[in-house]
Amino acid sequence: MESHSEQEKEKQFNERIDRGDIIEPKDWMPERYRKQLIRIMGQHAHSEIVGMLPEGNWITRAPSLRRKAVLLAKVQDEAGHGLYIYSGTETLGVSRDQMNQELLSGKAKYSSIFNYPTLSWADMGAIGWLVDGAAIVNQTALAKCSYGPYARAMIRICKEENFHHKQGYEILATLMTGTPEQKAMAQDAVDRFWWPSLMMFGPSDKDSPNTAELMRWKVKKYTNDDLRQRFIDRTVPQAENIGLKLPDDKLKWNPDTMHYEHGEINWDEFYNVIKGNGICNHQRLKARNDAHDKGAWVREAANAYAGKHAEKTMAA
Ligand code: FAQ
């Protein structure tokens, strides 16, 4: 049973949210708000880290030095995003170790999109354009969320994601002015990444258990379907500009609603992927576990150094 004073604190907290106040780590917050933020931010940080794997796959095979340098920088940016968001999540009282263990054990989720394979160079274009494009739409909204450390991390991250988005589009635009084989490669990448990109926004609103609560607390400012629609509306003209066809026969501009209508998403595929049965789930978790195991000596050396350093400081 909640005590009277807890109820009073929660009432004041809700009033702060209603006023549009930003909640900071030392402020009082309901346990459920804290838990929801740890869940969403933890998953987000894991997504950035696991998201390095599909693109990392192509660093050694980038078609030119310029492409290689750009891709390397992009993948490093994703690592930085993961670290910012882990740090932001730690302000809620969860440790980096605990989050990492949850990722490595398969308990914590990360974005469904990173369980799809990257089969050709054009996939680097499709990821930058579609995956970063979807991430920007979602994260621009999160940059106005009620929790200060998350909102501030999103502002910086969105700036970098904008560059990622442009570099992906530029890869595809270049391929679309190339040979018939290059055009086919670009189209094939878009055919494979379009629907999974739409799934990044989460289940449809009627099946989204967390949306109502997160919107009440202004963590989410828009629903999953609203953001998905925003992404579709801005992406369709970009596809047309460079001669790509999006793989949905039902895509049609509706002048009454001023939105594109679209076909039904394969939700069975989505739930299958988030349950751990996507094409690359096993491979992704294995890669993270291998990296963690191989890094054991670094952690030991850092601990030994920290111990020595502490001894010296105490002796001084
Ligand atoms: N994948 O009730 P909802 C990036 C889960 S960053 C996996 O609607 P919610 C950068 C959801 O967790 C991409 N699981 O959930 C990059 C929940 O499960 P739970 C990551 C998903 O939280 C680019 C259940 O389904 N971005 O791409 C997914 O209200 C290129 C019910 O769903 C973020 O994480 C999914 N797609 O809304 C990096 C942004 N969708 O936890 C490298 C922050 C839903 O109850 C290369 N997150 N689920 O067991 C969010 O905005 C929200 O968490 C949503 C889901 C919108 C993803």
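Residues numbered from 1 in each chain as written. Predicted model: local features only at pLDDT ≥ 70, side-chain atom pairs only at ≥ 80, totals over all residues. Heavy atoms only, no water.

**Quick notes on the overall build of the protein**
Scanning the protein from N- to C-terminus turns up 13 helices and two strands. By the compact-globule yardstick of 20 Å for 316 residues, the protein fits well, its C-alpha radius of gyration being 21 Å. Projected onto its principal axes, the C-alpha positions of the protein cover 70 × 55 × 35 Å. Every one of the 316 residues in the protein was classed for burial, and the buried ones make up 46%. Residue pairs at least 24 apart in sequence account for 76% of intrachain contacts in the protein once pairs closer than 6 positions are excluded. A total of about 16,400 Å² of accessible surface is found on the protein, and carbon and sulfur atoms cover 56% of it. Side chains of the protein give 43 positive and 43 negative charges; the mean places of these two sets differ by 4 Å. (Helix = DSSP H or I, 4+ residues; strand = E, 2+ residues; numbered from the N terminus. Rg over C-alpha atoms; globule rule 2.2 N^0.38 Å. Buried < 20%, exposed > 50% of the residue type's maximum accessible area, 1.4 Å probe, protein only. Contact = heavy atoms within 4.5 Å. Areas by Shrake-Rupley, 256 points an atom, 1.4 Å probe, with all protein chains shown as cover. Lys, Arg positive; Asp, Glu negative; His and termini not counted. Charge placed at Lys NZ, Arg CZ, Asp CG, Glu CD.)

**Describing the packing of aromatic side chains**
Taken as a whole and assessed by the stated rule, the structure comprises nine aromatic pairs. Judged by centre distance (5.8 Å) and plane angle (40°), the rings of tryptophan 129 and tyrosine 169 are tilted. Of this pair, tryptophan 129 sits in helix H6 (residues 122–142) while tyrosine 169 sits in helix H7 (residues 148–175); the two residues are 40 residues apart in sequence, bridging distant segments of the chain. Clustering of aromatic rings is evident, with ring pairs tying together Phe13, Trp28, Tyr33 and Trp217. Stacked on the ring of tryptophan 58, the Lys or Arg arginine 61 has its end atom at 4.0 Å from the ring centre. Above the face of the tyrosine 222 ring, arginine 230 is positioned so that its terminal group lies 4.4 Å from the ring centre. (Phe/Tyr/Trp six-rings, centres within 6.5 Å; stacked < 30°, edge-to-face > 60°. Lys NZ or Arg CZ within 6 Å of the ring centre and 35° of its normal.)

**Observations regarding the layout of surface pockets**
Taken as a whole, the second largest pocket spans an internal volume of roughly 350 Å³. Lining the second largest pocket are 15 residues, with Tyr86, Arg96, Asn100, Arg288 and His292 sitting closest to its centre. Among the secondary structure elements, those contributing two or more residues to the lining of the second largest pocket are helix H4 (65–90), helix H5 (96–104) and helix H12 (281–294). Residues belonging to the lining of the second largest pocket are distributed by class as follows: eight nonpolar, three polar and four charged. (1 Å grid on protein atoms, 1.4 Å probe; cavity = no way out; pocket = protein on both sides within 12 Å on 5 of 7 lines; lining within 4 Å. Points joined across faces, edges and corners; volume = space filled by probe spheres on them. Nonpolar A, V, L, I, M, F, W, Y, C, P; charged D, E, K, R; others polar.)

**A look at the pattern of salt bridges**
A side chain with one charge may pair with a side chain of the opposite charge, provided their charged atoms come close. For the structure on display, the rule yields 23 salt bridges. With a closest N to O distance of 3.3 Å, glutamate 31 and arginine 34 form a salt bridge. Here the residue glutamate 31 and the residue arginine 34 both occupy positions in helix H2 (residues 31–50), the gap between them amounting to three residues, near one helical turn. Taken together, the salt bridges that share partners define one network made up of Arg16, Arg19, Asp21 and Asp27. (Salt bridge = Lys/Arg side-chain N within 4 Å of Asp/Glu carboxyl O.)

**Some thoughts on the site of the ligand**
Contacts to the ligand come from 36 residues, most closely from Gln43, Lys109, Ser112, Ser208 and Lys220. Those elements that place two or more of their residues in the shell around the ligand are H2, H4, H6, H7 and helix H11 (267–277). Looking at the shell around the ligand residue by residue, the classes come out as 15 nonpolar, twelve polar and nine charged. (Near = heavy atom within 4 Å.)

**Examining the nonpolar core**
Judged by nonpolar contacts, the single largest core of 76 residues is most densely connected at Tyr33, Leu37, Tyr147, Tyr150 and Leu244. The element contributing the most residues to this core is H6, with eleven residues. Leaving out residues up to four positions away in the same chain, tyrosine 150 has contacts with Leu37, Ile40, Met41, His44, Ile85, Leu142 and Cys145. (Core = buried A, V, L, I, M, F, W, Y, C linked by side-chain atoms within 4.5 Å.)

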